[in-house]
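Commentary on secondary and tertiary structure
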Amino acid sequence: MIPEAQFALNRRQFFGQSGLRLGGVALPYLLGGAFSGRASAASEVHPALSGFPHHKPKAKAVIYLHMNGGPSQLDTWDYKKDLIKHYDEDLPDSVRKGQRLSTMTSKQAKFPVAPSKFKFAQHGQCGRWVSELLPHTAKVVDDIALIKSVHTNAINHDPACTFVFSGTEIPGRPSLGSWVSYGLGAETSDLPAFVALMPRYPKDSNGQALYSRLWGSGFLPGKHTGVVLRSAGDPVLYLDNPPGVDREDRRALLDTLGKLNRKSFDAFGDPDIQTRIAQYEMAFRLQASVPELTDISGESKATLDLYGPEVKNTGSFASTALLARRLVERGVRVVQLMHRGWDSHGNLPYELTNQCRDSDQGVAALIQDLKERDMLDETLVVWGGEFGRTVYSQGTLTKEKYGRDHHPRNFCMWMAGGGIKGGIVHGETDDFSYSPTLDPVHVNDVNATILHCLGIDHERFTVRNQGLDVRLTGVEEAKPIKAILA
Amino acid sequence: MTLHLPPICLAVLACATLPAAAAEPLSFNRDIRPILSEHCFSCHGVDSEHRKGGLRLDVPEAAYGEGKSGEIAIVPGKPEESEIWYRIATDDDDDVMPPTKIKKRLSDAEKQTLKRWIEGGAPYQKHWAFEVPKVGAAPAGGHAIDSYLGAAMEGGGLAPTAEADRSTQIRRVAFTLTGLPPSAEELDQFLGDREPGAYERMVDRYLASKHYGEEMARHWLDVARYADTHGMHLDNERQMYAYRDWVVGAFNRNLSFDQFTIEQVAGDLLPKPSVDQMVATGFNRCNITTGEGGTIPEEFIFRYAVERASTTAQTWLGLTASCAVCHDHKFDPITAKDFYSFYAFFHSNADPALDGNALLTNPSIKVTPPDYDAKIAAFTKRTADLQAKADAIGKEVASRYKDPGDSLVPSRVSEVEHVWFEDAFPAGSKVTTQGHPLAYSASPAPVFSGNASIKRGGPGIAQDFCENVAPPLVVPQGAKFFVHVYLDPADLPKEIMVQFFNNGWNHRVFWGQDVIPWGKAGTGERHRAGDLPGAGKWVRLELPAGKMNLAPGTPVTGYAFAVQGGTAYFDKMGMVGKSDPAGDPTRSFIVWRKAAAGKDTKGAPGDINAWLKEGPDKERTPEQLERLKIYYLQHVCAETKPRFAETAGAIAAVAKERSGYEASIPSTFVWRDLPKPRESFVMLRGAYDKPGEKVVPDTPAVLPPLKKADPDGRATRLDLANWLVSRENPLTARVTVNRFWQQVFGVGLVKSSHDLGTQGDLPSHPELLDWLAVWFQEEGWDVKKLMRMMVTSQAFRRASAAPAQNWKDDPENRLLARGPRIRLDAEQLRDSALFASGLLKMQMGGKGVKTYQPPNIWEPVGFRGSNTATYRRDNGDALYRRSIYTFLKRTAPAPFMANFDAPNREASCFRRERSNTPLQALQLLNDVQYFEAARGLATRMMASSTDGKERFAFAYRVVLSREPSEEEMQIVGAFFRKQLEKYRGAPAEADKAIKFGDSPPPAGVDVPELAAWTQVANLILNLDESIVRN
């Protein structure tokens, strides 16, 4: 466990230390000029906790693509080619085994089997079966480790999302990104260690709510909260100077403020004053680094083409995916991208087609882009929702139209990049995609795997809170998924 | 007394597992329990389910006894005969304890400490916080707190700093007790009072301030997890701000803390609880709830009870009882059965599992003021009197009424005018406006008749319309509409239009160009009646109803006036129709009854509606018939209705007044139990669907027993509340004084203020904590007295400026050798900036307000169906209220709060972090709230004096309660001159800078100068000294 005293030792910092991850994209012009040599930025770092990482990390950063609402595994990755034979038959009791259902369908008189209406084909050298809805991702399957047997405890969105990101259904715990920020610190002093992004999603889809706790720091210090980079208004809150105030004014103000605050430090002796001086200087730097971050005019045509035409629309999935790469490139540790609208209870074929069209190219482009830049081997990319969807139709079933209710017993996630073996599949489900039949993987195992790739032993990463040694991966035993590790 | 930790350990006081220096006598609680708790209890403690080898080390009887293996774990005085010493010391991987697979190892020092303890007879102590606090005599002389602290400080080797200067003292007190800086008057009064006792008098003034309650409540509301939304899924608004206001009021009237406790935990069970006491029970309705479809009700009923039980235990007992939800507590002596017995007190609230996403989820009450019943009775009487008057008129009118539908009455066909609009839309209809606000204009503006006309205009299409007119306006035979229109010659519209609603807005007529694109052209949906009438005069426009497809008998329930691209006045609108009274339901009672048969009559009272529906052939008693007829004559009959206009108008006015009064009274969530309590069980492994042993409400066995009001009956929450504040309870008073201490000094005497259990930190000054706890109870749980006691101590009054050694040796200031210096909380920061600006509005209480918030805080996370998906900012005073009244949406809290560590209130927060980040710097520099406040302060600076130095001094006094030094003036002065120069050269920039925010800058001001002073004020409000309680 980490004694609470260490909180005090670490509360002095926010952003990381060592500048940009890739030397080629340094921002010398930002570091020159008005404040070069001024800020004691180098001493105000946000280092890893002592003893971290526990082992040599394979990945330095994580991009977590959260498909919020629960994508249907049956229509994307979990191909059941014989299911068509059972079209409209009642789901056999031998499969359901009396498992609990959400009360949205538990009163249904019948549970008619709804085979996917979408075509599947094999792709890549690994021959992965992929739905026609994901033509772009299908091209990168050899980089992907698909997990077909993920399961979770919760059956409704709010608790399930909270579970995926904090290891418990009850609000109040730190989120994955804030754990990582807390443990590993940051690699940049120009940007936050943990960033949350929320792209737009198709307007006809059933978008569920998000909660700030999904990127919150729970009982960890507030500085580990994910900073939301916004697609409208200031990209970082309060980043823009007030009207009529320019950068030169701010420099003059900060110079004066620094002088007066240093006098206060001399008078009071409170070391927090020095931290505050440094944080004001970092704020000033942030005002330059964020616009640079979001300006994609320097991206090549080839790169932009990879992400597709939507990349030029701020807030689109494609532009957000590109932003994720740019963030990681600049040393951000965790990027959590939350794409809403995957909760298809009614007209699933229509909504899911839109969801996939909205995101597929951006997802695939991100993998390819990272790979081309030699960044994929040190960036872990995770894709998945908070649960899966039922094989039986919610509401009326036709060949063209059906809905699916929440299904926590098995769903698909995938990982790619740093620390992960590509082109493999892990776990299997029964003929109805109703229960895992091989290698079940709990969402806490997924989180343990993410931490493992980052060089963290999840069992040793605990923080004392309310009398418990709390860890991200919960009380029950969890373990990294060895089979998919490179 | 001595500090319970050796001085060398000050820097790591938070870490409880410190070996005592070899020379010191060992204390079980200080030295041994932390080691056993950390390394042994999880397998050899309270938790029977996970206990290994049948061995318990948490109680002496078990530890000294023979174990399952036949070995004796601890033989007092003889380590070599004690099995645990062998297991600890051995190199044998199979025997060593803790087992090799456990990664936490015992250090050598810890091993030696255990050995010394066994050698010394292995004495046990009950966990300190479970013993009733006992107090010896306070150290002699001076303030009790200082006596205790002073003794400890001598041991700590740090010299106390001198008393802070007076301006620092008053600012510290003002923030601590009211969350605001001192006003100029408060400052002058204190600085001018040179008599002994000036400080205490100043403290008393702040304790008496109504803002004291606001500051105190803010801390309690973190504990109570109060917010304005449900917290899960849709996160819709909930209405329980009356609870927040109750807390403010309770602190202000200095409700004793024991009563404060009882009312919140069990106010509903008090004999004849007052509205106030019911409102207080909102404490345990503040928890987050869900309305998510698909939720399994049993699961959430269970969860809510767990949450409420845990929160209550933690708030008053400082115990992290929730560990025992799944299993016996591993460290604290709380078994799962203890937990579920406690939970049973909270398991029977009458609230549903799903909150329905409703503003009010029952049980709720109207928060009626004391004179509510009298007010309502007065309304009822006024209505009854008026109704009696109307009925008297009705009888008289009825006696003369001759029904034209009666075959005996001769027919009189005539032309009649029905006026639909005169002075206002029909009473009770829903009026909506698109374009500029609804404007009735009276003379000298053009008015055709009556007192007012309606003025309509604005760019593009603008309209005023009414809906839900009841009873409907019925189109008579051969009707022709007329409306009086006056076109503004200076702002001539392109088109004017009148529309009618009958199952849709499908009936329109217009004059002028065909530019309003509504309905199908050339049909009754969009009929052109001619060119625009002449401007600058009243013109009566007419058209037959037939062209608009309004057949005789059509009920019209709404109409609209629309204008495109100019201004028009509308007045007296209505219809002229032929009236054959013999067939007209608005003339003939008989015809009306026939027409109303078989359907519902809108607006009619229930019995009348039912009689009408049954048709005229159904036999009625003479009384019923008379009632029907009087209703008709009063509300329907065109001929007789005007006779009732006065009383009807008066009744409507009373009804409106009454509904306005009712609407002004909020409702709030309260606690009420189900008539029959739910059965409660130990839930195995914390699963909602795995009941184990049945339990009844009870308190944890390790604590003193509960006294039940009815010894043979089931324990009640009131029993529990009384037990919480009983003198036998060792925890509540300690937990409470510790939390107030934390509020005043920044860190609690027990740093883990949420946990006084065995895993919590040890108190830095245990004897002081106990003394305060006992004193607090003996003084009748008087919170103001306690606050006064703390802020009048020398420890609180000391200078926070201290030598480097002091900061280094005692970074958290646990010894209090220097005064507390802590960053202001989120609310204090915003409130003090507003205070300095002169913009702060001190109005207390009421619905949460929506102040400035950057765009896209709610929207990106909001659920489409949620009523908090879109942020609609308030205007005017609401922007400048104290932060405690800010609307708090749990899933997307206001960034100005969250950025400074305010919790999102999803769960209780007992101690806020005080972080220091660049995002905070950006907020304080750039957020409109702070920059507007800077301009407000700059405006006040300019008004204070014409002299620049005086202006600096004014700002320093307002913000820091002190005068600036000469050097500071020079530094700030240089900045001011630079900014002034810039803005003189760029007046447009200056203009922008002073117009940020809704409040207008003063008229006739030197704009570049105000802009430069605004920059200075922005600077001063960002000084470290300004954002810290020094």
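What counts, and at which threshold
- For every chain, the first residue of its written sequence is number 1, and the numbers climb from 1 along that sequence.
- Chain labels run from A onward and ligand labels from 1 onward, assigned in the order the entries are written.
- pLDDT decides what is reported in this predicted model: residues at 70 or higher carry local features, side-chain atom pairs at 80 or more are listed and counted, and totals for whole chains, interfaces and linings draw on all residues regardless.
- Strands are runs of DSSP state E lasting at least 2 residues, helices are runs of H or I lasting at least 4, and numbering of each runs from the N terminus.
- Computation of the radius of gyration draws on C-alpha atoms, with the globule rule given as 2.2 Å multiplied by the number of residues to the power 0.38.
- Three exposure classes are used, all based on how many other C-beta atoms lie within 10 Å of a residue's own C-beta (placed from the backbone): buried at 20 or more, exposed at 12 or fewer, and partly exposed between those limits.
- This entry defines residue contacts through backbone-placed C-beta atoms, with two residues in contact when those atoms are within 7 Å.
- Per residue, pLDDT measures the predictor's confidence, with a range of 0 to 100.
- When DSSP finds two or more bridges between two strands, those strands count as paired.
- To obtain each axis, a line is fitted to C-alpha atoms, and for helices this fit is confined to the stretch in contact; angles are then taken between N-to-C directions over 0 to 180 degrees.
- An angle below 35 degrees is read as roughly parallel, one above 145 as roughly antiparallel, one from 65 to 115 as roughly perpendicular, and any other as oblique.
- Crossings are classed by handedness, with left-handed meaning an anticlockwise turn of the near helix from the far one by less than a right angle and right-handed meaning a clockwise turn.
- Only Asp, Glu, Lys and Arg are considered charged, only Ala, Val, Leu, Ile, Met, Phe, Trp, Tyr, Cys and Pro nonpolar, and every remaining residue, Gly among them, polar.

**A few points about the overall build of chain A**
Each helix and strand counted, chain A has eleven helices and 17 strands in total. In terms of C-alpha radius of gyration, chain A reaches 23 Å, essentially the compact-globule figure of 23 Å for 486 residues. In terms of overall dimensions, chain A has C-alpha extents of about 80 × 55 × 40 Å along its principal axes. Each of the 486 residues in chain A was classed as buried or not, and the buried ones make up 61%. In chain A, the proportion of contacts linking residues at least 24 apart, taken out of those at least 6 apart, comes to 79%.

**Re the confidence of the model for chain A**
Looking at chain A as a whole, its pLDDT mean stands at 87, while 90% of the residues score no less than 70. Low pLDDT, under 50, characterises residues 1–44 of chain A; the predicted model gives this stretch 94 contacts beyond four residues in sequence or across chains.

**Some details on the sheet that holds strand β9 (residues 495–501) of chain B**
Residue and element names in this part refer to chain B. Across the sheet, which stays open at both edges, the six strands sit in the order β3-β6-β14-β9-β10-β11 with mixed pairing between neighbours. A strand with exactly one partner marks an edge of an open sheet, and here the two such strands are β3 (430–434) and β11 (527–530). Averaged over neighbouring strand pairs, the angle between their axes works out to 15 degrees when direction is ignored.

**Details of the pairing of strand β9 (residues 388–393) of chain A**
Residues and elements named next belong to chain A. Among the six residues that make up β9, six are buried, leaving the element largely enclosed by the rest of the structure. Bridge count between β9 and strand β10 (residues 404–407): three bridges; the pairing is antiparallel. If you follow R389 over to β10, its bridge partner there is H406.

**Remarks on the confidence of the model for chain B**
Residues and elements named next belong to chain B. In this model, chain B carries a mean pLDDT of 90, and residues with pLDDT of at least 70 account for 96%. Long-range and interchain partners of residues 1–20, a stretch whose pLDDT sits below 50, account for 54 contacts in this model, where long-range means more than four residues apart. This prediction of the complex comes with two scores: 0.77 for pTM and 0.76 for ipTM.

**Some thoughts on the packing of helix α7 (residues 166–178) of chain B against helix α9 (residues 198–208) of chain B**
All names here are of chain B. Put simply, α7 and α9 touch, their axes get as near as 9 Å, and they point 25 degrees apart. Relative to α9, the element α7 lies roughly parallel. Like other packed secondary-structure pairs, α7 and α9 cross with a definite hand, here right-handed. Contacts between α7 and α9 involve Q169, I170, V173, A174, L177 and T178 on the former and, on the latter, Y199, M202, V203, Y206 and L207. Grouping the amino acids of the contact of α7 with α9 by side-chain chemistry returns nine nonpolar, two polar and no charged.

**Concerning the interface of chain B and chain A**
Every contact between the two is made by 81 residues of chain B and, on the other side, 71 residues of chain A. Only α26 (804–809), α29 (918–926), α32 (966–985), α33 (987–994) and α34 (1007–1021) of chain B provide two or more residues apiece to the side of chain B that touches chain A. For the side of chain B that touches chain A, the element with the highest residue contribution is α32(B), accounting for seven residues.

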